[in-house]
Amino acid sequence: MHSAAKDVLLPIAAIGLALLLFGGFVGLAGVNPVDMWLTLFKGAFGDWFSWQNTLQRSAPLMLTALCVALPARAGLTIIGGEGALVLGGLAAAALPMAVALPGHVAGTALACAAGAVAGALWIMLAGWLRQYRGINETISSLLLSYVAIGLFKHFVEGALRDPASLNKPATPSLDPGLLIGGIGGSDVHWGLVLGVLACVALGLWLHFTASGFSIRVVGGNPRAAQLVGLPATRLILVACALGGAAAGLAGAVEVAAVHTNANGALIAGYGYAGILVAFIARHHPIAIIPVAIVFGGFGAAGSLLQRRLGLPDASVMVLQGIAFVLILASEALRDVDWRALWAQRRSRPAEPTTPSAPPTANGEAI
């Protein structure tokens, strides 16, 4: 099987098997698996309202998946997109409190840029710790997410808190001129366009520019990169910065398009779901787009599963977890040459059978 075919078929098979196992899981809870599958599809793609909810959830998934995919192309496993997202949202909400922004698209762009810068610096820190202190980037980026969430809660519930937010601590709401509206009057905000453009632009950059090719060389063959004199450390930090900027932009878009301020609802797990999206897409930025839409649909269907079938809203997290385990397991099958294995099995000669001795009168063999 060709590598490109494996890249498509193995993730599809893993998701299909995950749906089957999830059906068995809900079956144990007394729910008809067929009803669950139909409800899941309807809640994600059944009508225009479902599509709007799905696409709205897809935008942050695209951007947080880039936070995993770009460093992965440079050889790093970064899983701290959640931290970059919440800090990006906090920066976007805090900037208008510090300086007066123009109440139009320029002000929105500045707020989003602040979020992107915050996310870039945060993920670059994990890359810097890896390159200059030898600290594993997977562990450091994960732990830095908890630090980022702690900082977020500290400022939202403290120095940046709006006094009018009593039961639910939040920063002051953005001015209406800074908010990101819907596309054509729909509930799908322009953050989806930003996510798609970011995936396409970074995908083209990786495959059609010298710097993108250099990053892929560093990630694919570090020794070859060293032999040709590529600045590996600088390229790794660039990849981390771009990935972190994408996740920070996701947080800024969530603030400007969905929540209108920074509050606890921003910690919604998009950063962790982006890890799964990036792995299924094989860290290819353009392939992230359809995968993010599929998993955005799973998230959008959670509330319908709760209303129609009585399943918990978070049950889709079980589906995502099963899919992630199966995606990782499918990597073990990627290098198997199924055609050669089948040919070897067919050409193997049958083992001769040894005839048994005839029994004697007392029933014992001769």
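Structure: see above.
Residues numbered from 1 in each chain as written. Predicted model: local features only at pLDDT ≥ 70, side-chain atom pairs only at ≥ 80, totals over all residues. Heavy atoms only, no water.

Side note on the overall build of the chain
Part 1 of the argument: The number of helices and strands found in the chain is 15 helices and 0 strands.
Part 2 of the argument: With respect to the three principal axes, the spread of C-alpha positions in the chain is 105 × 60 × 35 Å.
Part 3 of the argument: Counting every position in the chain, which comprises 366 residues, the buried fraction comes to 45%.
Part 4 of the argument: Contacts in the chain between residues at least 24 apart in sequence constitute 74% of all its contacts with a sequence separation of at least 6.
Part 5 of the argument: Split by element, the accessible area of the chain, about 18,000 Å² in all, is 66% carbon and sulfur.
Part 6 of the argument: A gap of 7 Å separates the mean positions of the 20 positive and 16 negative side-chain charges of the chain. (Helix = DSSP H or I, 4+ residues; strand = E, 2+ residues; numbered from the N terminus. Buried < 20%, exposed > 50% of the residue type's maximum accessible area, 1.4 Å probe, protein only. Contact = heavy atoms within 4.5 Å. Areas by Shrake-Rupley, 256 points an atom, 1.4 Å probe, with all protein chains shown as cover. Lys, Arg positive; Asp, Glu negative; His and termini not counted. Charge placed at Lys NZ, Arg CZ, Asp CG, Glu CD.)

Things to note about the pattern of salt bridges
Part 1 of the argument: Here the structure, examined in full by the defined rule, presents 1 salt bridge.
Part 2 of the argument: Residue Arg130 pairs with Glu137 through a salt bridge whose shortest N-O separation is 3.1 Å.
Part 3 of the argument: On the accessibility criterion, Arg130 (28% relative accessible area) is partly exposed. (Salt bridge = Lys/Arg side-chain N within 4 Å of Asp/Glu carboxyl O.)

Comments concerning the side chain of Thr39
Part 1 of the argument: Inspection of the secondary structure assignment puts Thr39 in helix 2 (residues 33–45).
Part 2 of the argument: One polar contact links the side chain of Thr39 to the main-chain carbonyl oxygen of Asp35, over a distance of 2.7 Å. (Polar contact = N/O pair within 3.5 Å; in protein donor to acceptor, adjacent residues only side chain to side chain.)

Describing the packing of aromatic side chains
Part 1 of the argument: Under the defined criterion, the tally for this structure stands at 6 aromatic pairs.
Part 2 of the argument: When the ring of Phe45 is compared with that of Trp51, the centres are 4.9 Å apart and the planes differ by 55 degrees; the resulting orientation is tilted.
Part 3 of the argument: Overall, Trp51 belongs to the partly exposed group, its relative accessible area being 32%.
Part 4 of the argument: Their ring planes at 85 degrees and their centres at 5.8 Å tell us that Phe279 and Phe324 sit as a pair that is edge-to-face. With Phe279 in helix 11 (residues 270–280) and Phe324 in helix 14 (residues 315–330), this pair connects stretches of sequence that are 45 residues apart.
Part 5 of the argument: Under the relative-accessibility criterion, Phe324 is labelled partly exposed at 26%.
Part 6 of the argument: By way of ring pairs, the aromatic residues Phe41, Phe45 and Trp51 are connected into one cluster. (Phe/Tyr/Trp six-rings, centres within 6.5 Å; stacked < 30°, edge-to-face > 60°.)

Considerations on a nonpolar patch on the surface
Part 1 of the argument: Together, Ile139, Leu143, Tyr146 and Tyr272 make up an exposed nonpolar region whose accessible area comes to about 430 Å².
Part 2 of the argument: For the nonpolar patch, the element with the most residues is helix 6 (residues 137–156), which contributes 3 residues.
Part 3 of the argument: Mapped onto the secondary structure, Leu143 falls in helix 6. (Patch = residues over 30% accessible without salt bridge, like charges linked within 9 Å, V, L, I, M, F, W, Y side chains within 5 Å.)

Examining the nonpolar core
Part 1 of the argument: Residues Met62, Leu66, Ile288 and Phe295 are the most contacted members of the largest nonpolar core, which totals 96 residues.
Part 2 of the argument: Per-element accounting of this core gives the leading share, 12 residues, to helix 10 (residues 232–259). (Core = buried A, V, L, I, M, F, W, Y, C linked by side-chain atoms within 4.5 Å.)

With respect to the packing of helix 12 (residues 288–300) against helix 14
Part 1 of the argument: Axis separation between helix 12 and helix 14 bottoms out at 9 Å; the angle between their running directions is 150 degrees. Crossing angle aside, the handedness with which helix 12 passes helix 14 is right-handed. Mapping the contact onto sequence places Phe295, Phe298 and Gly299 in helix 12 and Val316, Leu319, Gln320 and Ala323 in helix 14.
Part 2 of the argument: Broken down by class, the residue content of the contact of helix 12 with helix 14 amounts to 5 nonpolar, 2 polar and no charged. (Axes fitted to C-alpha atoms, helices over the stretch in contact; angles between N-to-C directions. Left-handed = near helix turned anticlockwise from the far one by under 90°. Nonpolar A, V, L, I, M, F, W, Y, C, P; charged D, E, K, R; others polar.)

Here we look at unusual backbone geometry
Part 1 of the argument: Unlike most non-glycine residues, Thr260 shows phi in positive territory, near 70 degrees.
Part 2 of the argument: The topology assignment puts Thr260 in the loop between helix 10 and helix 11.
Part 3 of the argument: Although it is not a glycine, Arg282 adopts a positive phi angle of roughly 60 degrees.

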